[in-house]
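Spelled out from the first residue to the last, the chains are:
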Number of protein chains: 2
Amino acid sequence: MPILNYGNPIRFDFGAVKHLPDALAKLAVSRPLLVTDAGVRAAGLADRALDSLGAFGRIPIYDQTPGNPTEDAVMDALALYQSEGCDGVVCIGGGSPMDLGKAVALLALSGGPLDQYDPLKGGNKHVKGVSPLIAIPTTSGTGSEASMGFVIIMNDGRKLTFANPLFFPKLSLCDPELTLGLPPLTTAATGMDAMTHCIEAILASGDNPPADGIGLDGLWRGWRHLQRAVEDGSDRKARWEMMMASTEGALAFVKGLGAVHSMSHAAGRIKSLRLHHGTLNAVILPTVLRFNESVCEVQYGRIRQAMGLSSTADLAQEVERMNAAIGLPKGLAAMGVSAELINDMVPHAVSDLSTRTNPKPVGADDYAMMFRAAM
Amino acid sequence: MPILNYGNPIRFDFGAVKHLPDALAKLAVSRPLLVTDAGVRAAGLADRALDSLGAFGRIPIYDQTPGNPTEDAVMDALALYQSEGCDGVVCIGGGSPMDLGKAVALLALSGGPLDQYDPLKGGNKHVKGVSPLIAIPTTSGTGSEASMGFVIIMNDGRKLTFANPLFFPKLSLCDPELTLGLPPLTTAATGMDAMTHCIEAILASGDNPPADGIGLDGLWRGWRHLQRAVEDGSDRKARWEMMMASTEGALAFVKGLGAVHSMSHAAGRIKSLRLHHGTLNAVILPTVLRFNESVCEVQYGRIRQAMGLSSTADLAQEVERMNAAIGLPKGLAAMGVSAELINDMVPHAVSDLSTRTNPKPVGADDYAMMFRAAM
């Protein structure tokens, strides 16, 4: 079974989830908290993990992770971790349970409040330790299983990104088997999340050639298999390739992301709308590709090549064509975002961590223009 | 300054070497052994490191590293390490001083004899610890600074590859400044070593897509800058790109290498000939590309694209063309290898670690044929 070791150790292949009991034993975790969400649980995926953990006795489960994890939900899960005397975390699900689990693992050993760890305010100096965490993705998109970051909507309304090498899962079990039952629309939205990670990492400012290479490889395999995975969820080859593209997206985005993510985070923090992060990325990506084009000639050429497009293809149009082919909405308006929200979203986009690495400097006016264009 | 963290931490840019004193302090090394070779010392490069280490007092130096490091030389350097009461190793040079330094760091904490650590005989279970090591490459080829492996010619004539995550340098300082004075022929030979690492890693059997991506990126930048670096050694952009391609080659070859390396090792172990590893790789590569072609259609397509070649280009011919353009010999015969040595080399190639990951099964008859073809 392929074992990747570029950030954290990752066991990657059909059947990887069967390594969970051994992995917990190796990490000396005797009482894990299982973090998941209601949908993953209803789909029977949490049970696949639980079934293998008979020797661990009754496993406490937190399955109330919201679509975009909130500080309140983190505190609820932490209370369960503590009252049950847990000594480790197993996350099974998409980006939300994995990110929530990472926050619990941090607070369990380093204490609260969560916002003291904001890396934009030098928060990493407060990180004293992180409880051992194993991540088991059930979607192919977020890449949280291969990332040192996590994103939480704080009680004051900000959507904060936390990042520290200690936040890498101690081990991730990437088992494409768990994605075979993923519905077409979720496959499409999470898949475009992975594609956006690859593209924004390649375009991000700063030098990290290995990240460029990994992002291009993720794009190469993801762009060829996304529509296949959407149209036939049981296509094992397409599922394997999409999960790999997702993992590669996260290995690449250590270099940084860009304006797509700043805008997605700014929209995603509006709790009442409950917007899906991957769908937001997919819908916003063409607008940002048009904005950045003038400064990214070499990278756009490499991206076209990785996608198998002609050397003169319009990347923004190609993304729009893919979004339409896999059933994603045409713009923010179709997702329920109204133009009145733009003034509220812009300052959050400006202050987002990802704004710093967009290849072209981007300010409030640019964001306002792009939100309008992405409607 | 770019900091890469895909295998071990790497500080990469012009001026990186100035971080050496801080790095030693951070690793709590108070008395490092400096491992180098006579050529690097004569070129004044060892002094660049020493100049920054005034606060450490007199630094013991082992500068007798042979062109291909031997077990005897390892033992000499270890004796110096021990008699001087050292507590860490700084390697400055090409692959030979870095590999020799890794062996010293291993024996210093885990004890001898060296051959007990042969990974093909389960030797890694004997590794108890490794002395802290900082690697500073002065060529762009070996990638030892980004690799968990090292290669030593044993006293019994075998050329053994050792590999363990503990053998990663604790930190590498990749400073292209140190390569500005590298002569054209060494630039060419080490550069083709890096290109061979990228190509063999991409072709190696097994699944490691991030390695494929990193190898393709290394090839993309290396193939465009190698001849430039050879023709004008002071071309800083070309030197930066070649050093990055070298580092990426090593990050990629965690996936494995192939028959080129098996044959190079088998020839390189003949002490009397003192053959340069990178030159051997360059000269053997076209023959192995012809041998593997029938099973590598997709990968050859991606390699052509990365090199900027047409989709029907003959890769073996393109490598021959590059070898000629940068002044490398045409074949093994021109390097002094005679046909009578083939019977001696073949079994060493067969038993080499890299034979296991060649994309096409390769046996003694194949190696005999390829040695003849590469003459």
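The written sequence of each chain sets the order in which its residues are numbered from 1. Ligands are numbered from 1 and chains lettered from A, in the order in which they are written. Per-residue local features of the predicted model are confined to residues with pLDDT of at least 70, and side-chain atom pairs are confined, for both listing and counting, to 80 or more; whole-chain, interface and lining totals are unaffected and use all residues.

Caption draft 1: Main features of the interface of chain B and chain A. At the junction of the two partners, chain B supplies 18 residues and chain A supplies 18 residues. Working definition: helices are DSSP H or I runs of at least four residues, strands are E runs of at least two. Numbering for both runs from the N terminus. Contributing elements (two or more residues each) for the side of chain B that touches chain A: α7 (209-231) and α8 (236-252) of chain B. For the side of chain B that touches chain A, the element with the most residues is α7 of chain B, which contributes eight residues. Residues are sorted three ways: Asp, Glu, Lys and Arg are charged, Ala, Val, Leu, Ile, Met, Phe, Trp, Tyr, Cys and Pro are nonpolar, and all the rest, Gly among them, are polar. Partitioning the side of chain B that touches chain A into residue classes produces nine nonpolar, four polar and five charged. We call two residues in contact whenever the C-beta atoms placed from their backbones are within 7 Å.

Caption draft 2: Up close: the relation of the copies chain B and chain A. Of the transformation placing chain B onto chain A, the axial shift is 0.0 Å and the rotation is 180°, giving an RMSD of 0.0 Å. Expressed as an axis order, the relation between the two copies is that of a two-fold axis. The fraction of interface residues of chain B whose copies in chain A are also interface residues reaches 100%, indicating that both copies meet through the same surface. Least squares is the method used to superpose the copies, on C-alpha atoms of residues holding a pLDDT of at least 70 in both.

Caption draft 3: View of unusual backbone geometry. Residues and elements named next belong to chain A. Note that the residue after G112, namely P113, is joined by a cis bond; omega there is 0°. Within the fold, P113 resides in the loop between α5 (95-110) and β6 (133-137). Positive phi, close to 60°, is recorded for A28, a residue that is not glycine. The residue A28 is located in the loop between α1 (20-26) and β3 (32-35) in this model.

Caption draft 4: The pairing of β3 of chain A, seen in detail. Residue and element names in this part refer to chain A. Comment: burial labels come from other C-beta atoms within 10 Å of the residue's own C-beta, placed from the backbone, where a count of 20 or more is buried, 12 or fewer is exposed, and between is partly exposed. Here β3 shows two buried faces, one formed by P32 and L34 and the other by L33 and V35. Should DSSP find at least two bridges between two strands, the strands are regarded as paired. Note that β3 and strand β5 (residues 88-93) share four bridges and pair parallel. Bridge pairing in β5 links V35 to C91. As paired elements, β3 and strand β4 (residues 61-62) share two bridges and run parallel to each other. Residue pairing in the sheet places V35 in a bridge with Y62 of β4.

Caption draft 5: Focus on the nonpolar core. One finds V104 of chain A together with V104 of chain B to be the most contacted residues of the largest nonpolar core, which totals 244 residues. In this structure, V104 of chain A is in contact with L33, V35, V74, A77, L78, Y81 and V89 of chain A, ignoring residues within four places of it in sequence. Any set of buried Ala, Val, Leu, Ile, Met, Phe, Trp, Tyr and Cys residues joined through C-beta atoms within 7 Å is what this text calls a nonpolar core.

Caption draft 6: Molecular detail of the pairing of strand β9 (residues 171-174) of chain A. All names here are of chain A. Burial along β9 is two-sided: L171 and L173 and S172 and C174, pointing in opposite directions, are all buried. Pairing of strand β2 (residues 10-12) with β9 involves three bridges; the strand directions are parallel. Residue pairing for β9: R11 is matched across the bridge by L173. Examined bridge by bridge, β6 and β9 share two bridges and lie parallel to one another.

Caption draft 7: Geometry of helix α12 (residues 315-325) of chain A. Residue and element names in this part refer to chain A. All of the buried residues along α12 are L315, V319, E320, M322 and N323. Here the buried residues of α12 occupy an arc of 160° about the axis, which is enough to place them on one side. Opposite the packed face of α12, turned more than 90 degrees from it, sit the exposed residues Q317, R321 and A324. Those residues of α12 that are buried lie in contact with α6 (184-203), α10 (277-292) and α11 (297-307). Arc definition: directions from the helix axis to the C-beta atoms.

Caption draft 8: Geometry of helix α6 (residues 184-203) of chain B. With 20 residues, α6 of chain B ought to run about 28 Å at 1.5 Å a step, and its terminal C-alpha atoms sit 28 Å apart, in line with that. By the criterion of burial, α6 of chain B is predominantly enclosed, with 18 of the 20 residues buried. Given a helix with a known number of residues, its expected span is that number minus one, times 1.5 Å.

Caption draft 9: Local environment of the domain arrangement of chain A. For chain A, the domain assignment lists domain 1 (3-178) and domain 2 (183-373). Sorting the residues of the side of domain 1 of chain A that touches domain 2 of chain A by element identifies β2, β7 (149-153) and β8 (159-163) of chain A as the ones contributing at least two each. Just so you know, the domain bounds were taken from an automatic or database domain assignment.

Caption draft 10: Layout of the packing of helix α7 (residues 209-231) of chain A against α11 of chain A. All names here are of chain A. In contact at an axis separation of 8 Å, α7 and α11 are set at 40° when each is read in the N-to-C sense. Handedness of the crossing formed by α7 with α11: right-handed. Seen from α7, the contacting residues are L216, L219, W220 and W223; seen from α11, they are R302, I303, A306 and M307. With axes taken as lines fitted to C-alpha atoms, and helix axes fitted only over the stretch in contact, angles between N-to-C directions fall between 0 and 180 degrees. A clockwise turn of the near helix away from the far one marks a right-handed crossing, whereas an anticlockwise turn of less than a right angle marks a left-handed crossing.

Caption draft 11: The arrangement of the packing of helix α13 (residues 342-351) of chain A against helix α14 (residues 364-373) of chain A in detail. Residue and element names in this part refer to chain A. It is at 9 Å that the axes of α13 and α14 come closest, and there the two elements cross at 130°. The angle between the axes of α13 and α14 places the two elements in the oblique class. Crossing angle aside, the handedness with which α13 passes α14 is right-handed. When α13 is examined against α14, the residues I342, M345, V346, A349 and V350 are found in contact with a partner set consisting of A364, Y367, A368, F371 and R372. Orientation labels follow simple angle bins: below 35 degrees gives roughly parallel, above 145 gives roughly antiparallel, 65 to 115 gives roughly perpendicular, and whatever is left gives oblique.

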